[in-house]
Amino acid sequence: MPSERLSVVVTRRLPDAVETRIKELFDVTLRDDDTPMTRAELADAMKIADILVPTVTDEIDAGLLAQAGPRLKLIANYGAGVDHIDVATARQRGVLVSNTPGVLTDDTADMTMALLLAVTRRIPEGLNVMQSGAWEGWAPTALLGGRVGGRRLGILGMGRIGQAVAQRARAFGMQIHYHNRRRLRAEVEDSLEATYWESLDQMVARMDVISVNCPHTPTTFHLLNARRLKLMKPSAVLVNTSRGEVIDENAMTRMVKAGEIAGAGLDVYEHGSEVNPHLQGLPNVVLLPHMGSATQEGRLEMGEKVIINIKTFADGHRPPDQVVPGML
């Protein structure tokens with residue numbers, strides 16, 4: 001399929017440099033504003049495009065794929081996570097799916113540590129005191145948080161991001177523990193000084209901080225359910241920069257409000273942009289608007305990967321970041 005005949009539809013506004021380069025290479029329809037496409041707009045785009053470039057805000061399920069035109073051959077996702085795309089159905093319909101893995105590892109790991117420190121050291125509470133003008137000077141017992149050095153960090157999901165979190169946490173003097181569907185190679189485990197737990201229940205019950213770094217799949221939905229959350233120590237903190245669906249958000253909210261969990265730092269939510277209102281305003285909860293990948297460098301590198309995947313496909317080859325159901 002010659003590149004000059006490829007029709008590419010981009011569903012959201014991307015960095016100018018990325019949009020400009022795609023425009024130079026392909027016949028591209030860009031988004032005029034940064035609002036997500038409606039379902040009807042997505043369906044229309046999939047009828048005319050050879051390649052669709054969606055983001056995490058675009059739910060591409062079997063129903064939408066059934067409406068796709070015969071030209072659609074590649075969904076080049078702008079992002080690493082693909083749980084918003086029915087990859088199996090796309091494959092059945094002859095549509096390839098690619099993503100942008102790897103480029104957001106450091107950014108997301110940095111944000112995990114930022115949330116961990118924000119909750120344990122009560123940084124937002126201190127910020128609120130200063131911004132409100134209520135600070136009356138230093139006091140020996142004011143806004144006492146907890147030292148992270150020496151604490152046990154339990155990482156749920158030890159892929160690229162989980163390992164990057166472990167490296168950072170070790171530099172803060174934390175003890176590294178993890179649960180993963182596959183145990184790491186011995187040399188990797190040794191380099192991270194990480195302790196593997198086959199039983200997630202046993203790990204959760206012993207950790208001071210739990211960091212969620214696994215993808216959302218059918219097997220990880222509510223992996224931290226009400227029963228498992230109740231295993232956490234009342235002094236423990238929960239951090240999530242991965243996918244909100246991994247945690248039973250209602251159960252977590254009840255426990256934080258009741259003091260059964262010491263605090264939470266969240267960058268993602270179970271229902272997307274709909275944040276549980278009972279979480280808002282809690283002094284021991286830090287909420288961010290999905291900022292884990294929000295660096296200029298990361299977003300440009302995501303765009304570069306999208307372009308490489310499209311260009312490789314246009315040249316008649318398999319996209320280097322093709323996603324297949326067996327990877328999920």
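This one's a predicted model, so the numbers in the text were calculated from it and none came from an experiment.

Participant: What am I meant to see in the overall build of the protein here?
Facilitator: A tally of regular secondary structure across the protein gives 12 helices and 13 strands. Rg of the C-alpha trace for the protein: 21 Å, near the compact-globule value of 20 Å for 328 residues, within the 12% margin. Judged by the C-alpha coordinates and their principal axes, the protein covers about 70 × 50 × 35 Å. Taking all 328 residues of the protein together, the buried fraction comes to 50%. Long-range contacts, defined as pairs at least 24 residues apart, comprise 61% of the intrachain contacts of the protein with a sequence gap of at least 6.

Participant: Please explain unusual backbone geometry as it appears in this structure.
Facilitator: Trans peptide bonds make up the majority, and among non-glycine residues the majority have a negative phi. Positioned with a positive phi, Leu143 is a non-glycine residue whose angle comes to about 50 degrees. Position of Leu143 among the secondary structure elements: in the loop between helix 6 (123-132) and strand 6 (152-156). Exposure remark for Leu143: the relative accessible area of 37% places this residue in the partly exposed category.

Participant: I keep staring at the sheet that holds strand 10 (residues 237-240) and nothing clicks. Help me out?
Facilitator: Either a parallel or an antiparallel arrangement is found when strands of a sheet pair, and the pairing is made through backbone hydrogen bonds. Taken in spatial order, the seven strands of this open sheet run 8-7-6-9-10-11-12, and their pairing is parallel. Both edges of this open sheet fall to strand 8 (194-196) and strand 12 (285-287), since each of them pairs with a single strand only. Adjacent strand axes in the sheet meet at a mean angle of 20 degrees, parallel and antiparallel pairs treated alike. Together, strand 6, strand 9 (209-212), strand 10, strand 11 (263-266) and strand 12 form the strand contacts of helix 5 (residues 105-120), whose direction differs from that of strand 10 by roughly 150 degrees.

Participant: What is the right way to look at the sheet that holds strand 13 (residues 322-323) in this model?
Facilitator: Ordered in space as 2-1-3-4-5-13, the six strands form an open sheet in which the pairing is mixed. Two strands in the sheet have a free side with no partner beyond their single neighbour: strand 2 (27-29) and strand 13. Of the pairings in the sheet, the one linking strand 1 (residues 7-10) to strand 2 comprises three bridges and is parallel in character. Looking at strand 2, one finds that Val8 is bridged to Val28. Packed on one face of the sheet, helix 12 (residues 296-314) meets strand 1, strand 3 (51-53), strand 4 (74-76) and strand 5 (96-98) and runs near 160 degrees to strand 4.

Participant: Would you take a moment to explain the packing of helix 1 (residues 16-25) against helix 12 for this structure?
Facilitator: Each packed pair of helices is defined by two parameters, the angle between the axes and the distance between the axes. Taken N-terminus to C-terminus, the directions of helix 1 and helix 12 make an angle of 15 degrees; their axes are 9 Å apart at the nearest point. With respect to helix 12, the axis of helix 1 lies roughly parallel. Between helix 1 and helix 12 lies a crossing whose hand is right-handed. Residues Ala17, Val18, Arg21, Ile22 and Leu25 of helix 1 lie in contact with helix 12, whose contacting residues are Arg299, Leu300, Gly303 and Ile307. For the contact of helix 1 with helix 12, the class distribution of residues is six nonpolar, one polar and two charged.

Each value, and the rule that gives it
Residues numbered from 1 in each chain as written. Predicted model: local features only at pLDDT ≥ 70, side-chain atom pairs only at ≥ 80, totals over all residues. Heavy atoms only, no water. Helix = DSSP H or I, 4+ residues; strand = E, 2+ residues; numbered from the N terminus. Rg over C-alpha atoms; globule rule 2.2 N^0.38 Å. Buried < 20%, exposed > 50% of the residue type's maximum accessible area, 1.4 Å probe, protein only. Contact = heavy atoms within 4.5 Å. Pairing = 2+ DSSP bridges. Axes fitted to C-alpha atoms, helices over the stretch in contact; angles between N-to-C directions. Parallel < 35°, antiparallel > 145°, perpendicular 65-115°, else oblique. Left-handed = near helix turned anticlockwise from the far one by under 90°. Nonpolar A, V, L, I, M, F, W, Y, C, P; charged D, E, K, R; others polar.

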